Each structure stands twice: as structure tokens, then as C-alpha cells.
Amino acid sequence: MADLSLLQEDLQEDADGSLDFVSQDEMLTPLGRLDKYAASENIFNRQMVARSLLDTLREVCDDERDCIAVLERISRLADDSEPTVRAELMEQVPHIALFCQENRPSIPYAFSKFLLPIVVRYLADQNNQVRKTSQAALLALLEQELIERFDVETKVCPVLIELTAPDSNDDVKTEAVAIMCKMAPMVGKDITERLILPRFCEMCCDCRMFHVRKVCAANFGDICSVVGQQATEEMLLPRFFQLCSDNVWGVRKACAECFMAVSCATCQEIRRTKLSALFINLISDPSRWVRQAAFQSLGPFISTFANPSSSGQYFKEESKSSEEMSVENKNRTRDQEAPEDVQVRPEDTPSDLSVSNSSVILENTMEDHAAEASGKPLGEISVPLDSSLLCTLSSESHQEAASNENDKKPGNYKSMLRPEVGTTSQDSALLDQELYNSFHFWRTPLPEIDLDIELEQNSGGKPSPEGPEEESEGPVPSSPNITMATRKELEEMIENLEPHIDDPDVKAQVEVLSAALRASSLDAHEETISIEKRSDLQDELDINELPNCKINKEDSVPLISDAVENMDSSLHYIHNDSDLSNNSSFSPDEERRTKVQDVVPQALLDQYLSMTDPSRAQTVDTEIAKHCAYSLPGVALTLGRQNWHCLRETYETLASDMQWKVRRTLAFSIHELAVILGDQLTAADLVPIFNGFLKDLDEVRIGVLKHLHDFLKLLHIDKRREYLYQLQEFLVTDNSRNWRFRAELAEQLILLLELYSPRDVYDYLRPIALNLCADKVSSVRWISYKLVSEMVKKLHAATPPTFGVDLINELVENFGRCPKWSGRQAFVFVCQTVIEDDCLPMDQFAVHLMPHLLTLANDRVPNVRVLLAKTLRQTLLEKDYFLASASCHQEAVEQTIMALQMDRDSDVKYFASIHPASTKISEDAMSTASSTY
């Protein structure tokens with residue numbers, strides 16, 4: 001017992017001592033406590049000082065002198081010999097710097113004077129952890145723009161350049177190069193070019209350490225994107241070529257990974273002539289890892305060749321005037337619009353030509369530029385000047401006009417058409433400079449198969465192998481000009497399609513082809529109208545001479561209907577489809593010719609198409625097919641829909657790949673590919689694959705489901721309706737617990753409401769929506785309530801609103817009077833959503849839904865009455881209809897609320913008596929129905 005009493009006395013003394021210690025700390029000022037623990041020999045105490053610096057600053061922020069004193073203590077603490085203390089201090093620096101920035105009036109220049117020198121000094125610290133922490137702090141400070149530009153130039157960059165000196169420590173040098181590369185996008189082009197770029201180029205040639213070269217290669221694309229095209233081509237590309245042929249495979253692999261970014265910073269000419277050959281070397285590299293990285297970057301690299309005029313996609317510039325936009329809208333064809341850089345010089349336009357009454361269709365612009373530069377014949381440009389006149393420019397007439405113009409004006413080598421009249425000569429000179437560039441001059445001419453002359457392609461108008469001389473002997477047919485060979489081929493195509501005439505798409509195609517044949521069989525004397533008669537006709541139409549427009553009797557045919565003029569895209573897809581069906585009869589050479597294009601170097605495309613070869617999976621990468629599928633939409637956009645035949649077989653191979661990850665990748669991007677290809681190619685080539693994905697694994701089907709609306713809206717209405725029968729299949733999944741699948745279905749059905757008629761919505765979508773409203777998972781039900789309310793809105797707005805009334809009656813019968821309390825609660829949720837989203841006029845709601853809603857005030861389940869009280873109090877009574885008018889409906893609502901205020905359940909009383917903060921339906925569901933999962 002004596003020992004126990006002595007122990008109790010010792011414990012009491014220790015407790016008294018610790019209390020004295022705490023009381024002493026409380027008596028100290030913030031600066032006093034900071035000094036006390038900063039001088040402690042205990043490492044943990046000094047770490048705690050570093051961790052509490054920000055709190056100390058907040059306590060003394062009102063006094064500028066105290067703030068400066070704290071910052072001075074930080075400078076002394078930075079000299080601590082213990083690395084963990086220095087690392088802890090550096091972790092706090094970004095937070096302290098942000099505080100100093102926010103309190104700049106109280107602490108002027110605090111960061112630049114006290115904190116930044118510490119960060120820069122720690123970049124060369126001997127301890128690895130301290131260096132890593134300081135590097136992260138520096139990048140964070142730059143990202144938050146807490147370092148002044150002057151400090152970056154005078155304090156940060158000089159230290160980094162010094163750390164990358166040849167005699168610097170190897171690890172420090174590598175880390176400094178990485179920091180320089182990462183900070184380049186943050187400091188901008190000017191500082192990067194002046195201070196970082198010269199040292200970066202030196203580091204790319206570091207012969208002693210491959211680690212440095214590897215870091216440079218890995219960040220090469222970022223530097224290129226910062227400094228721009230000129231610096232990239234002059235200073236960086238030679239270094240990049242050296243790195244791509246480095247002895248260490250890791251350096252070459254890093255180059256392959258950043259190839260796309262480097263390509264984006266160069267001009268088209270260098271991309272085509274130099275980078276393509278360099279990339280082919282990487283693809284055939286001895287190292288498997290390099291080949292693997294190169295094939296992963298192949299699709300992105302091909303996408304850098306994208307050109308609006310070849311891809312069929314165009315950008316609208318916001319700076320354009322409304323007048324220019326209106327002219328472009330008139331010149332827009334069915335699937336594309338004329339390139340914006342195509343203009344007509346005033347001297348090439350007749351003075352009395354009325355732009356408002358004429359439609360100028362400018363075709364083959366990129367092809368024309370290339371053909372002019374290489375001396376090959378140009379494609380034709382159709383210029384319908386009036387409803388009774390069609391002027392076609394043949395290759396011969398265009399060249400003659402151009403040569404005549406050149407005799408007069410040596411500086412003009414092009415003849416273009418300008419939709420807008422009255423442009424100044426200064427604008428014309430500027431336009432000529434824009435039209436000529438090295439890309440147009442050096443680019444290999446595009447083939448005769450192109451987007452805007454599908455009819456020429458389909459009629460067998462291929463380039464002659466003998467050369468341009470033979471091509472120029474006769475006119476090249478354009479879409480309105482149908483030769484005898486074309487007629488024969490059209491007849492064969494109609495014959496092939498007749499067995500499938502039951503298909504609406506095929507029937508429409510046959511009608512278009514028949515119209516073309518009728519147009520081509522018009523009277524022969526109209527086809528042989530002389531140049532003089534055409535000139536007379538122009539005079540009668542008050543059209544002065546067109547210097548660069550020569551009417552060729554062999555090229556001219558009378559105008560056909562607008563439907564036939566716009567048939568080219570339809571013919572293109574029919575022809576490609578028939579080519580695909582006869583693919584088995586092609587020889588290997590012919591099959592290869594079908595995949596030839598001139599948008600990207602053919603060697604790159606061939607390598608891309610080979611990614612589906614099974615041998616590639618064994619020698620390069622087991623997931624190479626997935627990488628091919630991932631980048632296929634970008635490659636398709638680059639090639640343009642006119643070259644889809646090059647990718648069709650590859651896409652079909654990927655769609656039937658054994659790996660579900662490959663098919664899943666395609667399923668997630670099929671809607672994007674549909675936008676690129678247009679509605680006709682989509683119907684021919686993508687719809688069958690889409691249908692296959694609908695029956696695939698859930699992992700693949702979810703990709704189709706997530707973009708179901710995006711894909712279906714691109715289809716024709718008849719084709720779209722066919723999928724109404726298949727929507728029910730989405731309710732069945734491989735795993736019944738996959739509730740997210742059903743939730744996504746509900747989300748998509750909300751979007752699909754706009755694509756279908758009220759009858760289709762009622763017949764096909766209504767049963768699915770009601771099924772989802774009774775789902776076992778609450779998250780699915782919440783989305784379904786929104787779906788049903790939007791359905792009520794659409795059906796009630798239809799004329800007559802019979803379907804809407806029927807749907808409301810079904811809701812009342814199936815949910816309002818449901819024997820399960822969860823069904824009755826779902827009815828209240830639907831009513832709440834209908835009120836919140838104004839899906840029904842309040843007078844109609846009061847007639848059709850409110851009487852049944854109010855009867856639930858006597859429901860035997862409190863959860864239903866709680867939700868009813870919240871709906872009436874927070875949602876219904878907020879509407880003007882019940883605030884402004886003293887109707888019988890308002891009286892009924894008030895009586896119901898009074899009854900709920902006297903309810904035996906306390907929660908019901910609470911929500912009926914007071915007006916808490918408004919809650920959304922999801923919050924109501926979380927609080928009221930969480931137990932129903």
C-alpha cells in the first residue's frame with residue numbers, strides 16, 4: 001500500500017508539471033512560441049514549427065512588423081540541418097505564399113524577398129526529398145501565378161541554367177532539365193525562347209548522360225508547342241532527328257510518344273516530307289518498345305494532316321460579317337460548305353453579275369491549287385448563274401483562260417471566283433498571298449477521286465496512267481455531266497439494286513439514279529450547243545464576258561432538277577457499297593488501289609491499316625488493335641468521307657475483333673464517326689455494325705447506349721423508327737445488379753423524346769419508362785421520374801392531347817393506387833417533378849393529378865405523407881396559380897395541409913407546419929426513400 005501511495009504522488013507531480021508547461025505556452029505570444037520551439041533540439045518540435053507557420057502568420061497578420069518577423073524566422077529555419085525539417089518547411093511554402101498574396105498590403109514583397117530564395121536554393125539541396133519538394137513547390141507557385149515575371153527571369157531561370165551546366169551533378173542536372181520543360185508552358189513563349197530554349201538544345205545533345213536526353217525527348221512536344229513553328233523548325237527539329245536516332249531505345253521511345261505534339265508545331269510541308277519518313281523509321285525500329293510506342297502514336301500523328309477542304313468539316317469564323325455568312329449559307333451544299341479561303345477577284349467577275357440571284361458553288365479548291373502548281377489538269381468548277389444557264393469550266397478552258405490572264409498580268413497565275421463583289425484591290429492582293437503558300441506549292445496533287453465529284457468517281461473517271469497529256473485530250477465529267485460510260489455504269493448499278501428495292505434506302509437510291517439517266521438522255525442538239533450560242537445566251541441574260549469561263553460544248557448539258565444535282569453523295573456511297581460487295585473479285589493490285597489516297601503519305605496509312613494484322617499483336621503489342629480503334633475517328637476525319645473506302649475494311653475487322661475492349665472502344669466512338677461520314681455512309685456501313693453492338697456484351701452495349709441519342713438523330717426517320725422495337729432489350733442485362741445500365745437508359749430516353757412522334761412515344765417509350773419507375777434501385781427511379789414528367793409534357797402538348805391524358809390515367813392507376821407504398825410514393829415524386837418543371841399547366845394539373853395526390857393525405861405509411869407534405873408546402877403552393885387565385889383547388893390544398901399539420905407522425909407535422917429551405921427531388925429521395933433500395 002505504501003508503494004501505491006508513493007506512485008500516486010509521483011503521478012500527481014508529473015501532472016502538475018505538465019499543466020505548468022501548458023500554462024507557460026499559453027502565456028507566450030505567437031512569436032515567443034515560435035522562437036521557443038524553433039530553438040528546440042527535438043527534431044519533432046522543429047517540424048511542428050514548420051507545420052504551424054501559416055497559423056502563426058494568420059494570428060499576427062494585422063501587425064506588419066510581426067509578419068516580417070515570422071518571415072525572418074522562416075529564413076533561419078530554412079538553414080536547419082535536418083532534411084525532414086527543410087522538406088516540411090518547403091511543403092508549407094506555397095500555402096504561405098498564397099497567404100502573402102492575399103494580404104499583400106500588410107506584407108509587401110514578402111514572397112519575393114523571403115520565400116522565393118529558399119525555393120530556388122533547395123533545388124540544389126543534397127537531400128533528394130528536399131529537392132523533390134522544392135520542385136513541386138516551384139511548379140505550384142508558377143501554376144498559381146504567384147511568382148512575378150521579373151523574378152522568373154532574374155532568380156529562377158539563372159539558377160536552373162546553372163544547375164544544367166556540364167559540371168553539375170548528374171541527378172540535379174536531370175531534375176533541372178525536367179523542371180525547365182515543365183515550367184515552359186507556364187512562363188510563356190518569350191522567356192522560353194530567350195532563356196530556356198538555348199540550354200534545352202544543348203541538353204538534347206548531352207553525350208554523357210542518356211537520362212538527360214530522355215527527359216528532353218519526353219518533353220520535346222511541350223517545348224515545341226510553346227515556342228511555335230519558326231523556332232521549332234529552325235532550332236528544335238535538327239535535335240529531334242538526332243534524338244530519334246539515339247543509341248538508347250528509351251530515348252527513341254520517348255520521341256515516338258511525343259511525335260504528335262512535334263508535328264502540330266511544324267508546317268504541312270515538313271510534316272509530309274521529313275517527319276513522315278522519320279516516323280516510318282520508328283515504326284520499324286529494332287526495339288519492340290519503340291515500335292509499340294510508335295504504333296500508339298500513329299493515329300494521332302496521322303490526324304495532324306487533317307485539312308478542312310479534304311475532311312469535309314469546316315470551321316465558321318466568328319469574325320466574319322453577316323453579309324459574308326449569308327453568301328456562304330447560299331453556297332453550302334448538302335453535306336459540306338465551300339472552303340472559306342476561296343474568293344473571286346473583282347476583275348474575274350462580271351460587273352452586272354447579281355450575287356443575290358446567283359448561286360456560286362466552289363468545288364475542288366485544294367485539288368485545284370495542287371493541280372495548278374504541278375501543271376496537271378484542274379477539276380471543273382460549276383457556276384450556275386441562273387436557272388436556265390449552266391456554265392462549266394473544263395480543264396482545257398480553265399488553262400486557256402489562265403494563260404490568257406497570265407499574258408496580261410504576269411503576277412497572276414490563278415483564276416478564282418469571288419462571291420462578293422466590290423472588294424478593294426488591296427484585299428485582292430492580300431487574298432493572293434493567303435492562297436499561295438508552300439503547302440499548296442509542294443503538295444503532291446490529290447487524286448481525281450474526291451468529295452465534291454463523287455459522280456466522276458462513280459462513273460469510272462479515274463486518272464489516266466498515261467499521264468496528263470491523255471487526260472487533257474477530253475473533258476473530265478463533273479456531277480451534272482454524264483457520259484455514255486456513266487450511263488452504262490448507272491444502268492448496271494440500278495440492275496444490282498433492284499432485288500433490294502423493298503429497302504426504303506435502296507428505293508430512294510434507285511430513284512436518284514433513274515433521274516440521272518433521264519437527264520443524261522436529253523435531246524442531242526441541246527448537248528451540242530455551240531460556244532457562240534452560249535455567248536449569245538449570256539448576252540441575253542445581261543452577263544458580260546467571263547474571262548476565265550469558257551463554255552465547252554462537250555462538257556455542257558441542260559440543267560437537271562436540284563435533286564439530281566445533289567445526287568453526288570448518294571452515288572458515292574452506292575458505288576462504294578457495290579465496290580465492297582464485289583471486293584472478292586479484285587486482284588491484290590486492284591484492292592490496293594482502292595485504298596490509295598493523297599491526304600496523308602500512303603506509307604503511314606498502310607502502316608495504320610496493318611495494325612489489325614494478327615501478327616502485329618505478337619510482334620508489337622497485344623493491345624495494338626485497341627489503339628487502332630481508339631484513333632480511327634481521328635484518322636477518318638483526316639482522310640475525309642471521300643476516302644472512307646480506305647478505312648471501311650479495317651473498321652469492319654475491328655468491329656468483329658475477338659477482344660471486347662476493341663469493340664467497346666468502337667462502340668463509344670461510333671456516333672462521332674457517323675458525324676464525320678454523313679447520313680448516307682452511316683446508313684450503309686455503320687448501321688449494321690451498330691446493330692451488332694446492340695447484341696454484344698454489356699461492356700460493349702454501354703458504349704452504344706451512352707450515345708444512343710447522338711447516333712439515332714443522324715439517321716433517317718424511317719430507319720430511326722426501327723430501333724423503337726429494340727429499346728426494350730436494354731432492360732435486360734447480363735448482370736441484374738448492373739443498375740447503372742438502366743439509369744443510363746433512362747437518361748437517353750429523355751433525349752430520345754424529341755426524335756419520335758407522340759404516337760411512338762406512347763406506344764414504345766411509355767412502357768419502358770413506367771417499368772423504370774418501379775425499378776428496385778432508387779437512383780434509377782429518380783431519373784425515371786424526370787423521364788415520365790417530360791413524357792407527360794410532350795404528350796400533353798400534342799394535338800389532340802389524348803395520349804397525355806391516357807398516360808396520366810395510367811400513372812394514377814398503376815402508382816397512385818398501387819398496393820405497395822413505394823408505388824404511391826413514386827406517384828408523389830412524379831407529381832412533384834411535373835410541378836417543378838412546369839410540365840403541365842397548373843389548371844390541367846389541378847384537374848387531372850391533384851385530386852388523386854390529395855387523397856394520399858390519409859395514406860397509412862408515414863413516408864408517403866411526409867413526401868406529400870413537402871410537395872404541397874414547398875412546391876405546389878409556390879406556384880402563382882395557387883397564390884393569386886382563390887379557387888376551389890386552393891381551398892382543397894389548404895384543407896389537406898391543415899389535416900397534415902395535425903398528423904400523428906411528428907415528421908409529417910414538421911414538414912406541413914413550417915417552410916424549410918427548398919429541397920430538390922434528389923434530396924427528397926435521399927431523405928425519404930433511402931430505405932427502399
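Residues numbered from 1 in each chain as written. Predicted model: local features only at pLDDT ≥ 70, side-chain atom pairs only at ≥ 80, totals over all residues. Heavy atoms only, no water.

Trainee: So what's going on with the overall build of the protein chain? Residues and values would help.
Mentor: Within the protein chain, the regular secondary structure consists of 54 helices and 2 strands. Counting across all 933 residues of the protein chain, residues that qualify as buried make up 52%. The contacts of the protein chain with a sequence gap of at least 6 include a subset with a gap of at least 24, amounting to 71%. Entry remark: accessible area of the protein chain is about 43,800 Å², with carbon and sulfur atoms responsible for 51%. (Helix = DSSP H or I, 4+ residues; strand = E, 2+ residues; numbered from the N terminus. Buried < 20%, exposed > 50% of the residue type's maximum accessible area, 1.4 Å probe, protein only. Contact = heavy atoms within 4.5 Å. Areas by Shrake-Rupley, 256 points an atom, 1.4 Å probe, with all protein chains shown as cover.)

Trainee: Report on unusual backbone geometry, specifying residues and quantitative values.
Mentor: If a residue is not glycine, its phi is most likely negative; likewise, a peptide bond is most likely trans. Residues T799 and P800 are joined by a peptide bond in cis, for which omega reads -10 degrees. Mapped onto the fold, P800 is located in the loop between α45 (778-797) and α46 (802-816). Even without a glycine there, the phi angle at E145 is positive, about 55 degrees. You can see E145 is positioned in the loop between α8 (128-143) and α9 (149-163). Given a relative accessible area of 69%, E145 falls into the exposed group. We note that D838 has phi near 55 degrees; this positive angle belongs to a residue other than glycine. Its location among the elements puts D838 in the loop between α47 (821-836) and α48 (842-848). In this structure D838 comes out as partly exposed when scored by relative accessible area, which is 47%.

Trainee: Could you give an account of the packing of helix α38 (residues 660-677) against helix α40 (residues 698-706), with specific residues and numbers?
Mentor: At their nearest, the axes of α38 and α40 sit 7 Å apart, and the two run at 5 degrees to each other. Classified by the angle their axes make, α38 and α40 are roughly parallel. Residues W660, R663, R664, A667 and F668 of α38 lie in contact with α40, whose contacting residues are E699, V700, I702, G703, V704 and K706. Taken together, the residues of the contact of α38 with α40 sort by class into 6 nonpolar, 1 polar and 4 charged. (Axes fitted to C-alpha atoms, helices over the stretch in contact; angles between N-to-C directions. Parallel < 35°, antiparallel > 145°, perpendicular 65-115°, else oblique. Nonpolar A, V, L, I, M, F, W, Y, C, P; charged D, E, K, R; others polar.)

Trainee: With reference to specific residues and values, describe the packing of helix α2 (residues 30-38) against helix α5 (residues 64-77).
Mentor: Working note: a packed helix pair is described by the angle between its axes plus the distance between those axes. Between α2 and α5, whose axes approach to 11 Å, the crossing angle comes to 10 degrees. The angle between α2 and α5 places the two elements in the roughly parallel class. Of α5, the residues touching α2 (which contributes L31, L34 and D35) are D66, A69, V70, R73 and R76. Classifying every residue of the contact of α2 with α5 gives 4 nonpolar, no polar and 4 charged.

Trainee: Explain the packing of aromatic side chains to me, and be specific about the residues and the numbers.
Mentor: The full count for this structure, using the stated rule, is 15 aromatic pairs. With 5.5 Å between their ring centres and 70 degrees between their planes, F301 and F305 make a pair best called edge-to-face. Each member of the pair F301 and F305 is classed as buried. Through pairs of rings, three or more aromatic residues link up here, namely F200, F220, F240, F259, F279, F301 and F305. Against the face of F911 rests K870, its NZ or CZ located 4.8 Å from the ring centre. (Phe/Tyr/Trp six-rings, centres within 6.5 Å; stacked < 30°, edge-to-face > 60°. Lys NZ or Arg CZ within 6 Å of the ring centre and 35° of its normal.)

Trainee: With reference to specific residues and values, describe helix α6 (residues 83-102).
Mentor: In a regular helix each residue adds 1.5 Å, so 20 residues correspond to 28 Å; α6 covers 29 Å between its end C-alpha atoms and thus fits that length. Most pronounced at V93, the bend in α6 amounts to some 35 degrees, and the proline P94 follows within four residues. (Expected span 1.5 Å × (residues − 1). Bend = angle between axes of the 7 residues up to and from the residue.)

Trainee: Run through the UniProt feature "repeat: HEAT" (unreviewed entry) in the protein chain, naming residues and quoting values.
Mentor: With numbering aligned to this structure, UniProt lists the feature "repeat: HEAT" (unreviewed entry) at residues 115-153 and 156-195. For residues 115-153, the end-to-end C-alpha separation is 16 Å, with 74% helix and 0% strand making up the annotated structure. As a span, residues 156-195 carries 82% helix and 0% strand, and end to end its C-alpha atoms are 11 Å apart. (UniProt positions renumbered as here; feature names shortened; annotations may be inferred.)

Trainee: Got a sec to walk through the side chain of T56? Specific residues and values, please.
Mentor: Within the fold, T56 resides in helix α4 (residues 53-59). The exposure class of T56 is buried, given its relative accessible area of 9%. If we ignore the near neighbours within four places in the chain, the residues touching T56 are P30, L34 and V70.

Trainee: Give a description of the nonpolar core that names residues and reports values.
Mentor: Across soluble globular proteins, you tend to see nonpolar side chains buried next to one another. Core analysis: the biggest nonpolar cluster contains 166 residues, and F220, Y608, L712 and F845 have the highest contact counts within it. Ranked by residues supplied to this core, first place goes to α45 with 9 residues. In contact with L712, other than residues within four places in its own chain, are F690, R720, Y723, L752, L755 and Y756. Listed in part, the 57 residues of the second largest apolar core include A69, L116, V120 and A176. (Core = buried A, V, L, I, M, F, W, Y, C linked by side-chain atoms within 4.5 Å.)

Trainee: Which residues make up the confidence of the model for the protein chain, and what are the values?
Mentor: Across the protein chain, pLDDT averages 74, with 64% of residues at or above 70. Counting contacts from residues 924-933, a segment whose pLDDT is below 50, to residues more than four positions away or on other chains yields 27 contacts. (pLDDT = per-residue confidence, 0-100.)

Trainee: I'd like to hear about helix α17 (residues 268-283), residue by residue, with values.
Mentor: Count 3.6 residues to each turn of an α-helix, and residues three or four apart come out pointing the same way. Of all the bends in α17, the greatest measures close to 40 degrees and is centred on L275. For α17, the full list of buried residues reads Q268, I270, R271, R272, L275, S276, L278, F279, L282 and I283.

Trainee: Please provide a residue-by-residue account of the pattern of salt bridges, values included.
Mentor: Summed over all chains, the structure comprises 35 salt bridges. A salt bridge links R33 to E59, with the shortest nitrogen-to-oxygen separation between them at 3.5 Å. Here R33, found in helix α2, pairs with E59, found in helix α4; they are 26 residues apart in sequence, far enough to count as distant. Linking D859 and R824 is a salt bridge whose minimum nitrogen-to-oxygen distance equals 2.3 Å. Here the residue D859 occupies a position in the loop between α49 (850-854) and α50 (862-875), and R824 occupies one in helix α47, the gap between them amounting to 35 residues. R824 shares its class with D859; the two are buried. (Salt bridge = Lys/Arg side-chain N within 4 Å of Asp/Glu carboxyl O.)

Trainee: Just give me the short version of the state of the cysteines, but keep the residues and values in it.
Mentor: Within this structure, the stated rule accounts for 0 disulfides. Of all cysteine sulfurs in the structure, the one in C204 sits closest to C205, which takes part in no disulfide; the separation is 6.3 Å. Left unpaired, C216 is separated from the closest cysteine sulfur, that of C204, by 4.1 Å. On the accessibility criterion, C216 (0% relative accessible area) is buried. (Disulfide = S-S within 2.5 Å.)

Trainee: Please give an account of the environment of C157 that cites residues and values.
Mentor: Looking at the secondary structure, you find C157 in helix α9. Exposure remark for C157: the relative accessible area of 3% places this residue in the buried category. With sequence-adjacent residues up to four places away left out, C157 is seen in contact with V152, M183, I191 and L195.

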